[in-house]
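This is what each chain is made of:
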Amino acid sequence: MGDAPSPDPKSIPSNAPEHCPGTESELAGKSDACAGCDNKDVCASGATKLPDPALPLIKERMSSVKRKILILSGKGGVGKSTFTAQLGWAFAADDDTQTGIMDLDICGPSIPTILGIASEQVHSSASGWSPVYVQDNMAVMSVGFMLPTAKDAIMWRGPKKNGLISQFLKDVDWGALDYLLVDTPPGTSDEHLSIVQYLKESGIDGAVLITTPQEVALQDVRREIDFCRKVGIRIIGLVENMSGFVCPSCKGESQIFRPTTGGAKRLAEETGIELLGAVPLDPRIGMSADYGVSFLDEYPDSPATTAYLDIIDRIKDILGDN
Amino acid sequence: MALQETAVTRRLQNVKNIVLVLAGKGGVGKSSVSTQLALNLYNSSPSAKVGILDVDLTGPSIPRMLGVDDKGVHQSSDGWVPVYADGPSARLALMSVGFLLKNKGDSVVWRGPKKNGMIRQFLSDVRWGELDYLVIDTPPGTSDEHLSLMEHLAGVHGRLSAVIVTTPQAVALMDAMKCLSFTRAVNLPVLGLIENMSGYVCPCCGEISNVFSTGGGAEMARKEELRFLGTLPVDTELVSVLDGGHEPSGGTEQAEEKNAAFPLLDRYSKTSSARLFTEIVKGVLEVLEEK
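Residues numbered from 1 in each chain as written. Chains lettered and ligands numbered in written order. Predicted model: local features only at pLDDT ≥ 70, side-chain atom pairs only at ≥ 80, totals over all residues. Heavy atoms only, no water.

- Looking at an unreviewed UniProt entry, one finds chain B named Cytosolic Fe-S cluster assembling factor CFD1 and attributed to Pholiota conissans.
- In UniProt, chain B has this text filed under Function (unreviewed entry): "Component of the cytosolic iron-sulfur (Fe/S) protein assembly (CIA) machinery. Required for maturation of extramitochondrial Fe-S proteins. The NBP35-CFD1 heterotetramer forms a Fe-S scaffold complex, mediating the de novo assembly of an Fe-S cluster and its transfer to target apoproteins."
- Under the Sequence similarities (unreviewed entry) heading, UniProt states for chain B: "Belongs to the Mrp/NBP35 ATP-binding proteins family. NUBP2/CFD1 subfamily." (UniProt positions renumbered as here; feature names shortened; annotations may be inferred.)

- Named according to an unreviewed UniProt entry, chain A is P-loop containing nucleoside triphosphate hydrolase protein originating from Pholiota conissans.
- Per UniProt, chain A has the following entry under Function (unreviewed entry): "Component of the cytosolic iron-sulfur (Fe/S) protein assembly (CIA) machinery. Required for maturation of extramitochondrial Fe-S proteins. The NBP35-CFD1 heterotetramer forms a Fe-S scaffold complex, mediating the de novo assembly of an Fe-S cluster and its transfer to target apoproteins."
- According to the UniProt record, the Sequence similarities (unreviewed entry) comment for chain A is "Belongs to the Mrp/NBP35 ATP-binding proteins family. NUBP1/NBP35 subfamily."

Right, here's the structure in full:
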């Protein structure tokens, strides 16, 4: 590619030129690539080696949040948001557990639809933006609540997305939470780097990686594992979604997305990451998501519900919350 | 500024049509549709030259789908040489960030500016040569990659068009609408809409289950006055073919199978999706002719 060894991606500002040496580098503000960059003077002054001013505010806001969990996947459409929602509902089933869900998918927010609160709006108060409450102990924040209509596309480049993420962390009146679940967009880019950067001081308790059984999805999950390791996030485990399909007519089970390379099981073995469980494809899961109702509550007898609940239980075990 | 000659317009001067595959939502089948679109355009005439540019920088899947993920790109005096999926015939050129990674599992953790630079290089530094069609596979969303593409392709705007892929679920349709708003905002003509993963045929009893609901795509096309290009059901054969071409639980990587120059195309042609896609491509070609 002709690139020099790439600098620590965490230290590259979102509006940096392509060959930015990284703001914490010795060359910051002094390399050839810095000519013309808006940050040149700041970098050269050494101020960039100091922490981001938003960080103390985020840290303060996050000090009342016990657990912060990221839901990641690499590939899109494998069920991150659906899983996040089920996890949220399962936590909130206990009246004493305060749960928050933060939707970082800025260009394609699905959390409001899945939770059945798509028509809600965010209000601001003296203590910041009030999240939308699905129920008394479940607060949600998504860019979906801020758009005039659902048709509107957010065409933002990285820096604007990062700004909003920082605001979601420091300006939202989350209150005291037992769990903050962070749903992410696919990939390993701005949103992912930013959340890691912003929560560095407060600490992320871990990430749950979602995949489907086919190799093209697993390939992306390998990249996500690599990302977690690079930035030092603990991986709680792997969930295989859309794992097998039970025909509602003949009850025969078949594989829609065939695990041609051994599926998540094999990936878990190869990487030493725990496979938390496999959730079969039940068409009612997608339907529940479209109607914004809790699948776990609607269909307690589905094998998928059992699988979800076992996985959630295992996550609590691993976090030491059971 | 639009009509200035740039490195990109020079490089793409012999590319007749550029088709962006967009979806808004992830995992609805953009890459598999891009791959199928390219394969079908390739098949549409014995001399058709097709290129695929994979702009999904942090999750490139096309190299795997075309069974060339072990290949690499070469530097020549005239720029990067793309990988030819059909071997010596050299009618199907592919470029992806996947070819530039040392290990398949390496993550590409880039913010916008770096992605923007890569996209510019893909358009200006790759030896695309003469192409009848350049299919561009995009990542989910409407963000850096999409804006960068539109910016760098401004000089060839007249040859640009888009296909939108969705699944029938409400959450996917919502994102497809956002995507349509994007195309309108940047004045990108939409060739039509494809509804993917529409129903699944149970292999035991033949019962069709609407795994991700059904009909939403056609409905959206009607409301928004878009051409509806067709529906594609969930096809497990296709998943296997694009996953590495091995029948159930093959396990390991590409076994040696070098009997034909382009075995993937043969395997693909036998899937039921291939038959349905022939109709979709007919539609695409019709609209492209009208343009």
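So, the overall build of chain B
Then comes step 1: Along the backbone of chain B there are 10 helices and 12 strands.
Then comes step 2: A compact globule built from 291 residues would reach a C-alpha radius of gyration of about 19 Å, and chain B, at 18 Å, matches this within 12%.
Then comes step 3: Considering only C-alpha atoms, chain B reaches an extent of 55 × 50 × 40 Å along its principal axes.
Then comes step 4: The buried share among the 291 residues of chain B stands at 64%.
Then comes step 5: Surface summary for chain B: the accessible area is close to 10,800 Å², and the carbon and sulfur share equals 49%.
Then comes step 6: In chain B, the 28 positive side-chain charges and the 33 negative ones have mean positions that sit 4 Å from each other. (Helix = DSSP H or I, 4+ residues; strand = E, 2+ residues; numbered from the N terminus. Rg over C-alpha atoms; globule rule 2.2 N^0.38 Å. Buried < 20%, exposed > 50% of the residue type's maximum accessible area, 1.4 Å probe, protein only. Areas by Shrake-Rupley, 256 points an atom, 1.4 Å probe, with all protein chains shown as cover. Lys, Arg positive; Asp, Glu negative; His and termini not counted. Charge placed at Lys NZ, Arg CZ, Asp CG, Glu CD.)

Some details on the sheet that holds strand β9 (residues 235–240) of chain A
The strands making up a sheet associate through backbone hydrogen bonding, with each pair oriented either parallel or antiparallel.
All names here are of chain A.
Then comes step 1: Taking strand neighbours across the sheet as the criterion, the 8 strands line up as β5-β6-β2-β7-β1-β8-β9-β12 in an open arrangement whose pairing is mixed. Looking at which strands have only one partner, the edges of the open sheet turn out to be β5 (132–135) and β12 (275–278). Mean inter-strand twist for the sheet, computed between neighbouring axes without regard to direction, equals 20°.
Then comes step 2: Bridge count for β5 against strand β6 (residues 138–141) is 3 bridges, and the pairing is antiparallel. When the sheet's bridge partners are listed, Tyr133 is paired in β6 with Ala139. (Pairing = 2+ DSSP bridges. Axes fitted to C-alpha atoms, helices over the stretch in contact; angles between N-to-C directions.)

Looking at the nonpolar core
Then comes step 1: Counting residues in each nonpolar core, the largest one holds 92 residues, and the members touching the most others are B:Leu12, B:Ile18, B:Leu20, B:Leu66, B:Leu92, B:Phe122 and B:Leu153.
Then comes step 2: Excluding anything up to four places from it in sequence, B:Phe122 contacts B:Leu53, B:Asp54, B:Leu57, B:Trp80, B:Met95, B:Ser96, B:Val97, B:Leu100 and B:Trp128. (Core = buried A, V, L, I, M, F, W, Y, C linked by side-chain atoms within 4.5 Å. Contact = heavy atoms within 4.5 Å.)

Looking at the side chain of B:Asn196
Then comes step 1: In this structure, B:Asn196 sits in the loop between β9 (190–195) and β10 (200–201).
Then comes step 2: If near-sequence neighbours (up to four positions away) are discounted, B:Asn196 is found in contact with B:Val28, B:Gly29, B:Ser32, B:Val33, B:Val165, B:Thr166, B:Thr167, B:Pro168 and B:Leu232.

Observations concerning the pattern of salt bridges
Residue and element names in this part refer to chain A.
Then comes step 1: Taken as a whole, this structure holds 31 salt bridges over all chains when the rule is applied.
Then comes step 2: Here Glu191 makes a salt bridge to Lys161, at a shortest N to O gap of 2.9 Å. Of this pair, Glu191 sits in helix α6 (residues 190–198) while Lys161 sits in helix α5 (residues 158–170); the two residues are 30 residues apart in sequence, bridging distant segments of the chain. There is no split in this pair, since Glu191 and Lys161 are both buried.
Then comes step 3: Its salt-bridge partner being Arg266, residue Glu270 comes within 3.3 Å of it at the nearest N-O pair. In this pair, Glu270 and Arg266 are both assigned in helix α8 (residues 263–271), 4 residues apart and thus about one turn of the helix distant. (Salt bridge = Lys/Arg side-chain N within 4 Å of Asp/Glu carboxyl O.)

A look at unusual backbone geometry
Excluding glycine, residues mostly carry a negative phi; peptide bonds, for their part, are mostly trans.
Residues and elements named next belong to chain B.
Then comes step 1: Non-glycine residue Met197 carries a positive phi angle of around 55°.
Then comes step 2: We classify Met197 as buried; its relative accessible area is 11%.
Then comes step 3: Phi angles above zero are rare outside glycine, and Glu225 is one such case at about 55°.

Considerations on a negative patch on the surface
Residues and elements named next belong to chain A.
Then comes step 1: Taken together, the side chains of Asp94, Asp95, Asp96 and Asp136 define an acidic patch exposed on the protein surface.
Then comes step 2: Looking at the secondary structure, you find Asp136 in the loop between β5 and β6.
Then comes step 3: Assessed through its relative accessible area of 75%, Asp136 is described here as exposed. (Patch = residues over 30% accessible without salt bridge, like charges linked within 9 Å, V, L, I, M, F, W, Y side chains within 5 Å.)

Points about the domain arrangement of chain A
Then comes step 1: In terms of domain boundaries, chain A breaks down into domain 1 (9–49) and domain 2 (56–319).
Then comes step 2: Here domain 1 of chain A and domain 2 of chain A have C-alpha centroids that lie 33 Å from each other. (Domains from an automatic or database assignment.)

Here we look at the confidence of the model for chain B
Do not read the fine detail of predicted coordinates wherever pLDDT is low.
Then comes step 1: In this model, chain B carries an average pLDDT of 90, and 93% of its residues clear a pLDDT of 70 or more.
Then comes step 2: Across residues 246–259 of chain B, confidence stays below pLDDT 50; counting only partners more than four residues off in sequence or on other chains, it has 21 contacts. (pLDDT = per-residue confidence, 0-100.)

Observations regarding helix α2 (residues 54–62) of chain A
Residues and elements named next belong to chain A.
Then comes step 1: Within α2, burial applies to Ala54, Leu55, Ile58 and Met62. Projected down its long axis, α2 carries its buried residues within an arc of 95°, all on one side. For α2, the exposed residues lying more than 90 degrees away from the buried face are Pro56 and Glu60.
Then comes step 2: Looking at the buried residues of α2, the elements they touch are β1 (65–72), α5, β7 (177–183) and α6. (Arc of directions from axis to C-beta.)

Some points on the UniProt feature "binding site: ATP" (unreviewed entry) in chain A
All names here are of chain A.
Then comes step 1: Mapped onto this numbering, the UniProt entry annotates "binding site: ATP" (unreviewed entry) at Gly74, Lys75, Gly76, Gly77, Val78, Gly79, Lys80 and Ser81.
Then comes step 2: If you trace the backbone, Gly74 turns up in the loop between β1 and α3 (80–92).
Then comes step 3: Residue classification places Gly74 among the buried positions, given a relative accessible area of 7%.
Then comes step 4: In contact with Gly74, other than residues within four places in its own chain, are Pro186, Gly187, Asp220 and Glu224.
Then comes step 5: With respect to the helices and strands, the residue Gly76 is situated in the loop between β1 and α3.

Quick notes on the UniProt feature "binding site: [4Fe-4S] cluster" (unreviewed entry) in chain B
Then comes step 1: The feature "binding site: [4Fe-4S] cluster" (unreviewed entry), as given by UniProt, occupies B:Cys202 and B:Cys205 in the numbering adopted here.
Then comes step 2: Here B:Cys202 is to be found in the loop between β10 and β11 (208–209).
Then comes step 3: Residues within four places of B:Cys202 in sequence aside, it is in contact with A:Cys247, A:Cys250 and B:Glu207.
Then comes step 4: Mapped onto the fold, B:Cys205 is located in the loop between β10 and β11.
Then comes step 5: Among all residues touching B:Cys205, those that are not within four sequence positions of it are A:Cys247, A:Ser249 and A:Cys250.

Observations regarding the UniProt feature "binding site: [4Fe-4S] cluster 2" (unreviewed entry) in chain A
Then comes step 1: Residues given the UniProt feature "binding site: [4Fe-4S] cluster 2" (unreviewed entry) here are A:Cys247 and A:Cys250.
Then comes step 2: Relative to the helices and strands, A:Cys247 is located in the loop between β10 (245–246) and β11 (253–254).
Then comes step 3: Note on A:Cys247: relative accessible area 0%, which makes it buried.
Then comes step 4: The contact partners of A:Cys247, leaving out residues within four places of it in the chain, are A:Gly252, B:Cys202, B:Cys205 and B:Glu207.
Then comes step 5: With respect to the helices, strands and loops of the structure, A:Cys250 is situated in the loop between β10 and β11.

Some points on the packing of helix α2 (residues 30–43) of chain B against helix α10 (residues 272–290) of chain B
All names here are of chain B.
Then comes step 1: Relative to each other, α2 and α10 sit at 75°, their axes nearing to 9 Å. Compared by their axis directions, α2 and α10 come out roughly perpendicular. Along its contact with α2, which presents Val33, Gln36, Leu37, Asn40 and Leu41, the element α10 presents Ser273, Ala274, Phe277, Thr278, Val281, Val284 and Leu285.
Then comes step 2: A per-class count over the contact of α2 with α10 returns 8 nonpolar, 4 polar and no charged. (Parallel < 35°, antiparallel > 145°, perpendicular 65-115°, else oblique. Nonpolar A, V, L, I, M, F, W, Y, C, P; charged D, E, K, R; others polar.)

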